[in-house]
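Observations on chain architecture
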Amino acid sequence: MAFSDPIADYLTRIRNAQQAGHRIVDIPASKLKKAITEILYEQGYILKYKFEDNVGKGGQGLIKVALKYDPITRKPVIRELGRISKPGLRKYAKADGLPRIINGLGLAIVSTSRGVMSDKKARELNIGGELLCYIY
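Conventions adopted
- Residues numbered from 1 in each chain as written.
- Predicted model: local features only at pLDDT ≥ 70, side-chain atom pairs only at ≥ 80, totals over all residues.
- Heavy atoms only, no water.
- UniProt positions renumbered as here; feature names shortened; annotations may be inferred.
- Buried < 20%, exposed > 50% of the residue type's maximum accessible area, 1.4 Å probe, protein only.
- Helix = DSSP H or I, 4+ residues; strand = E, 2+ residues; numbered from the N terminus.
- Pairing = 2+ DSSP bridges.
- Salt bridge = Lys/Arg side-chain N within 4 Å of Asp/Glu carboxyl O.
- Axes fitted to C-alpha atoms, helices over the stretch in contact; angles between N-to-C directions.
- Contact = heavy atoms within 4.5 Å.

Taking an unreviewed UniProt entry as the reference, the protein is identified by name as Small ribosomal subunit protein uS8 belonging to Haliscomenobacter hydrossis. Its UniProt record gives the protein a comment under Function (unreviewed entry), which states: "One of the primary rRNA binding proteins, it binds directly to 16S rRNA central domain where it helps coordinate assembly of the platform of the 30S subunit."

Below, the structure is given as structure tokens:
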């Protein structure tokens, strides 16, 4: 099945798994999804991740993401995540125009000419790009 928006599918799979209380979610892999997963891990939004390749079977494999929950309240660490730039309406921003999610407590993921990175790193490097999604 072909998806018109693979990033929205990625975010929806995480959102649905959290609502159902799952510990691990399987997501079809791509380079962009792997980069987003690595950023989520570095920022502490997910527990761990594993890339599984489909050697000889075709396709790009799977990303197994271990979701992170608060040990006391058992609520997910990711409270909300959403898509900013959509296939029908792309959103771009310069380095000084990058959004601050919850006044800097959240995270926006930006696709730049130097790769996919967080909004904070893009501001440090003074480069803008396409605003992919936000997480807090």
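After that view, the rundown keeps rolling.
What about the pairing of strand β8 (residues 129-135)?
The buried count for β8 comes to six of seven residues, which makes it a mostly enclosed element. Pairing between strand β4 (residues 81-83) and β8: three bridges, direction antiparallel. Across the sheet, G82 pairs through a bridge with Y134, a residue of β8. Here strand β5 (residues 92-93) runs beside β8; their pairing, made up of two bridges, is antiparallel. Residue pairing in the sheet places Y92 in a bridge with E130 of β8. Across five bridges, strand β6 (residues 107-112) lies against β8 in antiparallel orientation. The residue of β8 that forms the bridge with V110 is L131.

Structural notes on the pattern of salt bridges
Per the counting criterion, the structure on display carries six salt bridges. Note that D26 is salt-bridged to K64, the shortest N-O span being 3.1 Å. Of this pair, D26 sits in strand β1 (residues 24-28) while K64 sits in strand β3 (residues 62-67); the two residues are 38 residues apart in sequence, bridging distant segments of the chain. When its relative accessible area of 33% is taken as the criterion, D26 is described as partly exposed. According to the relative accessible area criterion, K64 is partly exposed, its value standing at 26%. In this structure, E130 and R90 form a salt bridge, with 3.1 Å as the shortest nitrogen-oxygen distance.

Remarks on the sheet that holds strand β2 (residues 46-52)
Spatially, β1-β3-β2 is the arrangement adopted by the three strands of the open sheet, whose pairing is antiparallel. A strand with exactly one partner marks an edge of an open sheet, and here the two such strands are β1 and β2. Averaged over all neighbouring strand pairs, the angle between strand axes comes to 20°, with direction disregarded. Across the sheet, helix α1 (residues 6-20) is in contact with β1 and β3; its angle to β1 comes to roughly 165°. Strands β1, β2 and β3 of the sheet are contacted by helix α2 (residues 31-42), whose axis makes an angle of about 150° with β2.

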